[in-house]
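Fold and geometry: a report
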Amino acid sequence: MRFHPKKTIALALLLVVLPFVLHGAPFLGDAWVRVACFSMLYAMLALGLNIVVGYAGLLDLGYIGFYALGAYLYALLASPHLFSAGLATTPTDWPVWLILMLAAVLAGVAGALLGAPTLKLRGDYLAIVTLGFGEIIRIFVVNLDRPFDITSGSQGIMGIQPLHAGELSVLTTWSIGPVTLTPVINYYFVFLALILLLVQVSHRLENSRIGRAWMALREDEVAAEATGLNKRNIKLLAFSMGAAFGGISGALFASFQQFVSPESFTLGESTMLLVMVVLGGMGSIPGVIIGAVLLTVLPEVLRDVIEWVHPLLVKHVSLVNPAVWTHLLDAGTLRMLIFGLALILMMRYRPEGLWRRRHRHVPREQITIRRYQATDYAAVNQVALDAFYQFRKDLDHWQGFVDVLASTAKLADDAELLVAEKNGVVIGSVGYVAPGRLREPVFQPDWGVIRMLSVHPDARGLGVGRQLVEACIQRAQRDGVSTLGLHTSPIFKTAVRLYQQMGFEHHQDLPDRRGAPCAVYVRPVGQGA
């Protein structure tokens, strides 16, 4: 992510002021601050799922199970439930920081256990297995109220302690001058601090060696494994790291709600998390956060709009039975309808999401263009000797390189040899002849001429040929040449395509001295490359 100081400061100020604006605005109040808190909780979950789906390319439909593990672990260790059930001698009240660490560890271990038997699965098959894992966790929680009441089954666990440190609690209302920090605003800032930490961790992972390994696995698993990546460890690490994010988010959810039940960890929630990642942009940190915020806030906006529109429609559209309006304007039904329509439009017009991931651009390797006069036989011979040692495993290419040297020196009174080097290794060459110096009738006397472009096979794709031709064009401009010509064979399709891309046009077909078919290409020197 690029750092823009002005935008970063503006965003920071907006996030700091937002809860106070929502708290003081009419028709909004603390209810919308709670919506903002849930947006950040879902953003934390989306960041974790983004590691699995966005970075590693592993389709996980059971991610909500890790969320449930973190929530129930916090509920058991920060509530009197175990004491009430006779499973503990005293009410449990562990330190919050320790519970958060244990939630991350427990979820990470569960992620590794889920990933281990699914290493050879991909696509739909992996999605089905992970979906089963999420449902197993939920059903396990529902039925873990007998013979010992550990989770209270479908009734859930109540009386959970909020986030606290000793005597300090987020439920305390603080007043700092004219500013009042209510409990929900306290939670807002705690969640904001944690999501900034998770964003930083995600960013570091994305740009680390592990992150590049995940992305290589996502793009081509077979090719990644062929390069020496340990596919098993890389996949297990993705599952564990993503699950740890889910465990932390679940613990924060339990402390915020002070109540957990299996209904909060259904397949629908898991699917909604996946939609957040896909809608925002898989592999994009800003994208998944935007997706989480949109899909958390829009249903609440929709609910308020429906509450305002429904009475108006019932009152003014008497032709329709009020029961029909009630059914059509159900918030839950419209929510899924809008989400489905949004996904269809996204897949059609923005398949990479609202904020697509930034593709890594590998900088072009530094290539040096050296110039030699063809009549400087000592220097040219040294270049040929160096090239021989570098190309001794590819003598055919070395012979082509020597042909460039020989033909350039032989056919011109005063020619120039341009040699491309990378880290001191010769990787390409071309000859340039000033106007009137080439002893060959196919070119006009006032043309500059390019002779025998040659690029080593190992250097193709680095833009060597283009840089050599551009160097010839620049030399021609300095010489005041109006037209630049070259002589090439149609069998060199890559070279011909390069010339055409750089503005050269076919002039005429002429055989070379040996009778082989060749073509002359020309371009005005003043024309941009």
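Anything mentioned here points back to the structure above.
Quick look at the structure, then. Because the structure is predicted, anything quoted here is derived from the model rather than measured.

With that settled, consider the overall build of the chain. When helices and strands are tallied, the chain shows 18 helices and 13 strands. Going through the 529 residues of the chain one by one, you find that 44% of them count as buried. Long-range pairs, those at least 24 residues apart, make up 70% of the contacts in the chain with a sequence separation of at least 6. Just so you have it, the chain exposes about 27800 Å², and 63% of that area is on carbon and sulfur atoms.

What follows concerns the packing of aromatic side chains. Here a ring pair, both rings aromatic, is described through the centre-centre distance and the interplanar angle of the planes. Inspection of every chain in the model, using the stated rule, returns 15 aromatic pairs. Between Tyr67 and Phe253 the ring centres are 5.4 Å apart and the planes differ by 45°, which places this aromatic pair in the tilted class. Taken together, the residues Tyr67 in helix 3 (residues 64–77) and Phe253 in helix 10 (residues 231–257) connect sequence positions 186 residues apart. For Tyr67, a relative accessible area of 3% gives the class buried. A ring pair is formed by Tyr187 and Phe256, whose centres lie 5.0 Å apart and whose planes are at 70°; its orientation type is edge-to-face. On the criterion of sequence distance, the pair formed by Tyr187 in helix 7 (residues 183–206) and Phe256 in helix 10 is long-range, its members being 69 residues apart. Here the aromatic residues Phe38, Tyr67, Tyr72, Tyr187, Phe191, Phe253, Phe256 and Phe265 are joined through ring pairs into a cluster of three or more. Lying across the ring of Tyr349, Arg348 places its NZ or CZ 4.9 Å from the centre. A cation over an aromatic ring shows up here: Arg523 above the ring of Phe504, its NZ or CZ 5.9 Å from the ring centre.

Here the focus is unusual backbone geometry. With the exception of glycine, most residues fall at negative phi, and the peptide bonds are largely trans. For the bond from Arg146 to Pro147, the omega torsion is 0°, close enough to zero to count as cis. Located in the positive-phi region is Ser152, a residue other than glycine, with phi close to 65°. Tracing the backbone through its elements, the reader meets Ser152 in the loop between helix 6 (124–142) and strand 1 (157–158). Judged by relative accessible area, Ser152 falls into the buried class, the value being 14%.

Quick look at helix 1 (residues 5–24) now. The first and last C-alpha atoms of helix 1 sit 29 Å apart over 20 residues, in line with the 28 Å expected at 1.5 Å per residue. Residue Val17 marks the point of greatest curvature in helix 1, where the axis turns by about 35°; the proline Pro19 follows within four residues.

Judged by side-chain polarity, Ile290, Leu294, Leu298, Leu354 and Trp355 come together as a nonpolar surface patch covering roughly 410 Å² of accessible area. Tracing the backbone through its elements, the reader meets Trp355 in the loop between helix 14 (331–349) and strand 7 (368–373). Accessibility expressed as a relative area gives 47% for Trp355, which makes it partly exposed.

For the rest of this paragraph, the subject is the packing of helix 2 (residues 30–55) against helix 8 (residues 209–219). At a minimum axis distance of 8 Å, the contact between helix 2 and helix 8 shows a crossing angle of 45°. Classified by the angle between their axes, helix 2 and helix 8 sit oblique to one another. Between helix 2 and helix 8, the contacting residues are Ile51, Gly54 and Tyr55 on the first element and Trp214, Met215 and Arg218 on the second. A per-class count over the contact of helix 2 with helix 8 returns 4 nonpolar, 1 polar and 1 charged.

The next thing to look at is the environment of Ala216. Structurally, Ala216 is set in helix 8. Judged by relative accessible area, which is 30%, Ala216 ranks as partly exposed. As for Ala216 and Tyr55, which are separated by 161 residues in sequence, their C-alpha atoms are 8.9 Å apart. Not counting the four nearest positions on each side in its chain, Ala216 is found in contact with Glu221, Ala224 and Leu229.

Before going further, it helps to examine the pairing of strand 11 (residues 483–488). Of all the 6 residues making up strand 11, 6 are buried; the element is thus mostly covered by neighbouring parts of the structure. Judged by which residues are buried, strand 11 turns out to be covered on both faces: Thr483, Gly485 and His487 on one side and Leu484, Leu486 and Thr488 on the other are all buried. One ladder, built from 4 bridges, connects strand 10 (residues 447–455) with strand 11; its direction is parallel. Following the sheet pairing, Ile450 is matched in strand 11 by Leu486. Bridge count between strand 11 and strand 13 (residues 517–524): 6 bridges; the pairing is antiparallel. Bridge pairing in strand 13 links His487 to Val520.

Before going further, it helps to examine the sheet that holds strand 8 (residues 415–422). Two modes of strand pairing occur in sheets, parallel and antiparallel, and in both the strands are linked by backbone hydrogen bonds. Read across the open sheet, the 7 strands follow the order 7-8-9-10-11-13-12; overall the sheet is mixed. Looking at which strands have only one partner, the edges of the open sheet turn out to be strand 7 and strand 12 (505–511). Direction aside, the axes of adjacent strands within the sheet are offset by 25° on average. Sheet analysis places strand 8 next to strand 9 (residues 425–433), joined by 8 bridges and oriented antiparallel. Counterpart to Val419 in the pairing with strand 9 is Ser429. Contacts from helix 17 (residues 464–478) reach strand 7, strand 8, strand 9, strand 10, strand 11 and strand 13 within the one sheet, and its direction differs from that of strand 9 by about 35°. Against the sheet, helix 18 (residues 493–501) touches strand 10, strand 11 and strand 13, its axis set at about 165° to strand 11.

Here the focus is the packing of helix 2 against helix 7. Where helix 2 contacts helix 7, the axes come no closer than 9 Å and their chain directions differ by 15°. By the angle between their directions, the pair helix 2 and helix 7 is classed as roughly parallel. When you trace helix 2 past helix 7, the crossing you get is left-handed.

Rules and cut-offs
Residues numbered from 1 in each chain as written. Predicted model: local features only at pLDDT ≥ 70, side-chain atom pairs only at ≥ 80, totals over all residues. Heavy atoms only, no water. Helix = DSSP H or I, 4+ residues; strand = E, 2+ residues; numbered from the N terminus. Buried < 20%, exposed > 50% of the residue type's maximum accessible area, 1.4 Å probe, protein only. Contact = heavy atoms within 4.5 Å. Areas by Shrake-Rupley, 256 points an atom, 1.4 Å probe, with all protein chains shown as cover. Phe/Tyr/Trp six-rings, centres within 6.5 Å; stacked < 30°, edge-to-face > 60°. Lys NZ or Arg CZ within 6 Å of the ring centre and 35° of its normal. Expected span 1.5 Å × (residues − 1). Bend = angle between axes of the 7 residues up to and from the residue. Patch = residues over 30% accessible without salt bridge, like charges linked within 9 Å, V, L, I, M, F, W, Y side chains within 5 Å. Salt bridge = Lys/Arg side-chain N within 4 Å of Asp/Glu carboxyl O. Axes fitted to C-alpha atoms, helices over the stretch in contact; angles between N-to-C directions. Parallel < 35°, antiparallel > 145°, perpendicular 65-115°, else oblique. Nonpolar A, V, L, I, M, F, W, Y, C, P; charged D, E, K, R; others polar. Pairing = 2+ DSSP bridges. Left-handed = near helix turned anticlockwise from the far one by under 90°.

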